[in-house]
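So you can see what is in the structure, the chains are spelled out below.
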Amino acid sequence: MVASEDPQKHNNDDFKLEKIFAVKDKVALVTGGGTGIGLMAVQALAVNGAKVYITSRSDEKLDRVRDTYGQNIAGQIIPITADITSKADIKRLVQEISSKESRLDILINNAGISSKTHQTEAESAEEMSKNLFDPEDATFEDWVETYRTNVPQLYFMTTALLPLLQAASEATPSWSATVINISSISGQVKTPQHHFAYNASKAAAIHLTRMLASEVAANGLKIRINDIAPGVFPSEMTAGDSGANQKSHIPKEKFEGKVPANRPGNDRDMAAAVLFAATNQYYNGQTLTVDGGYTLQAGR
Ligand SMILES: NC(=O)c1ccc[n+]([C@@H]2O[C@H](COP(=O)([O-])OP(=O)(O)OC[C@H]3O[C@@H](n4cnc5c(N)ncnc54)[C@H](OP(=O)(O)O)[C@@H]3O)[C@@H](O)[C@H]2O)c1
């Protein structure tokens, strides 16, 4: 639409929600799509018409998500089991998707784990050292395991899928395929929130997102790479468990006074962020923080 001499000529149709947030017929892959934030992303895309492949280590969880949320919707949910910390599994996953699809429009690297927690508050150097160094579960292995699951998988998943992502951009005018890494406000706040290893891994995930976005752009590829940094959302990680429908619950009261929103994040908060990051063609190399004001209170 260009400037016109005709005062009646307008482009109002371009502003309709279904055009701006259009994910119909997009092909997507969501890792850790069986629970928590991953499941929210899966629903946001599939309910609005995308064909969404979901992956995690548990075929039971994935099948349940397909059976519960994949019926009578505009899109589809298709499970493929894989461990995203294994290069061989990533290769198999990419081969399986490549055998069925000529393109991948949206990759959401959501799978992640938390690390062990330790008391940080102390009244002396000795006490602080005892709290953080001495516990048997304060190990290099915990740091490495957390890092392995939360950081290098973003690199290997993204780099393995570059050809399918670029093919999506080339197949669709005015569309650039996109990678959305789920990082965390834990990688932004100054406090370790009692889990140093997790927070350090999420800070690394944020920087890795920017490095990947930068290199992909420098090589002339048309793939946007961003991350979403959620505050607290209900999931198996934060609530400890999920129900028969794979959803988790955090009581609202737990957050009263602790975050400006006075509640944890919910499905719609995450769906809006996912649809924005997936469809906004001018959004690249950024961290989208969705936290109810958590970082305002905790400080970066
Ligand atoms: N919930 C929050 O408040 C919050 C806040 C900020 C960031 N995040 C981030 O959001 C992401 C999703 O976490 P969540 O909170 O929704 O927790 P969740 O319910 O525990 O989900 C994590 C998912 O990752 C999958 N996963 C873990 N390791 C995997 C592996 N090696 N291979 C494949 N899949 C794997 C798990 O499935 P399987 O066990 O079946 O493999 C699970 O579905 C994580 O990156 C987390 O750090 C969460």
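Residues numbered from 1 in each chain as written. Predicted model: local features only at pLDDT ≥ 70, side-chain atom pairs only at ≥ 80, totals over all residues.

- Naming follows an unreviewed UniProt entry, where the chain appears as NAD(P)-binding protein of Pseudovirgaria hyperparasitica.
- On record in UniProt, under Sequence similarities (unreviewed entry), the comment for the chain is "Belongs to the short-chain dehydrogenases/reductases (SDR) family." (UniProt positions renumbered as here; feature names shortened; annotations may be inferred.)

**Some remarks on the overall build of the chain**
Consideration 1: Across its full length, the chain holds 11 helices and 7 strands.
Consideration 2: Its C-alpha atoms give the chain a radius of gyration of 20 Å, near enough to 19 Å, the size a compact globule of 300 residues would have.
Consideration 3: Over its C-alpha atoms, taken along the principal directions, the chain stretches across nearly 75 × 45 × 45 Å.
Consideration 4: Intrachain contacts of the chain at a sequence separation of at least 6 include 73% that bridge at least 24 residues. (Helix = DSSP H or I, 4+ residues; strand = E, 2+ residues; numbered from the N terminus. Rg over C-alpha atoms; globule rule 2.2 N^0.38 Å. Contact = placed C-beta atoms within 7 Å.)

**Focus: the site of the ligand**
Consideration 1: Taken together, 28 residues lie near the ligand, and G32, G36, S56, G112 and S235 sit nearest.
Consideration 2: Of the residues belonging to the shell around the ligand, the class tally is 9 nonpolar, 15 polar and 4 charged. (Near = placed C-beta within 6 Å. Nonpolar A, V, L, I, M, F, W, Y, C, P; charged D, E, K, R; others polar.)

**A word on the packing of helix 2 (residues 36-46) against helix 10 (residues 267-279)**
Consideration 1: Running from N to C, helix 2 and helix 10 point in directions that differ by 60°, and their axes come no closer than 9 Å. Both helix 2 and helix 10 take part in a crossing whose hand is right-handed. For the pair helix 2 and helix 10, contact is made by I37, M40, A41, Q43 and A44 and by D267, M270, A271, V274 and L275, respectively. (Axes fitted to C-alpha atoms, helices over the stretch in contact; angles between N-to-C directions. Left-handed = near helix turned anticlockwise from the far one by under 90°.)

**Brief notes about unusual backbone geometry**
Consideration 1: A positive phi angle, close to 50°, is found at N72, a residue other than glycine.
Consideration 2: As for its placement among the helices and strands, N72 is situated in the loop between helix 3 (59-69) and strand 3 (76-79).
Consideration 3: Here N72 falls in the exposed class, since 6 other C-beta atoms lie within 10 Å of it.
Consideration 4: With a phi angle near 60°, S174 is a residue other than glycine that sits in the positive phi range.
Consideration 5: For S174, the position within the fold is in the loop between helix 7 (152-171) and strand 5 (177-182).
Consideration 6: The exposure class of S174 is exposed, given the 6 C-beta atoms found within 10 Å. (Buried ≥ 20, exposed ≤ 12 C-beta atoms within 10 Å, placed from the backbone.)

**Regarding the sheet that holds strand 6 (residues 223-230)**
Within a sheet, neighbouring strands are paired by backbone hydrogen bonds and run either parallel or antiparallel to one another.
Consideration 1: Strand order in the open sheet formed by 7 strands is 3-2-1-4-5-6-7, with parallel pairing between adjacent strands. Each having just a single partner strand, strand 3 and strand 7 (287-290) make up the two edges of the open sheet. For this sheet, the mean angle separating the axes of adjacent strands, direction not counted, is 20°.
Consideration 2: Relative to strand 6, strand 5 is paired through 6 bridges, and the arrangement is parallel. Bridge pairing in strand 6 places N181 opposite D227.
Consideration 3: Strands in contact with helix 2 are strand 1 (27-31), strand 2 (51-55), strand 3, strand 4 (106-109), strand 5 and strand 6; relative to strand 1, the strand with the most contacts, it is inclined by about 170°.
Consideration 4: Helix 7 contacts strand 1, strand 4, strand 5 and strand 6 of the sheet and is inclined by roughly 170° relative to strand 4. (Pairing = 2+ DSSP bridges.)

**Section: the nonpolar core**
Consideration 1: Ranked by size, the top nonpolar core spans 63 residues in total, and within it A28, A41, V42, L45, V52 and L104 carry the most contacts.
Consideration 2: In terms of residue count, helix 2 provides more of this core than any other element does, 8 residues in total.
Consideration 3: Discounting chain neighbours no more than four positions away, the residues touching V52 are A28, V30, V42, L45, A46, G75, Q76 and I77. (Core = buried A, V, L, I, M, F, W, Y, C linked by C-beta atoms within 7 Å.)

**Some details on the environment of V290**
Consideration 1: Structurally, V290 is set in strand 7.
Consideration 2: It is 9.8 Å that separates the C-alpha atoms of V290 and F233, two residues lying 57 residues apart in sequence.
Consideration 3: Leave out the neighbours within four places in its chain, and V290 touches I228, P230, G231, G265, D269, M270 and A273.

**Section: the environment of L29**
Consideration 1: Inspection of the secondary structure puts L29 in strand 1.
Consideration 2: In this structure L29 comes out as buried when scored by C-beta crowding, with 28 C-beta atoms within 10 Å.

**A few points about the pairing of strand 1**
On any regular strand, side chains alternate: one points to one face of the sheet, the next to the other face.
Consideration 1: Of all 5 residues in strand 1, 5 are buried, a share of seventy percent or more.
Consideration 2: Neither face of strand 1 is open: one carries V27, L29 and T31, the other A28 and V30, and all of them are buried.
Consideration 3: Bridge count between strand 1 and strand 2: 5 bridges; the pairing is parallel. In the sheet register, V27 faces strand 2, and the bridge partner there is K51.
Consideration 4: Direction of pairing for strand 1 relative to strand 4: parallel, over a ladder of 3 bridges. Note that in strand 4 the partner of A28 across the bridge is I106.

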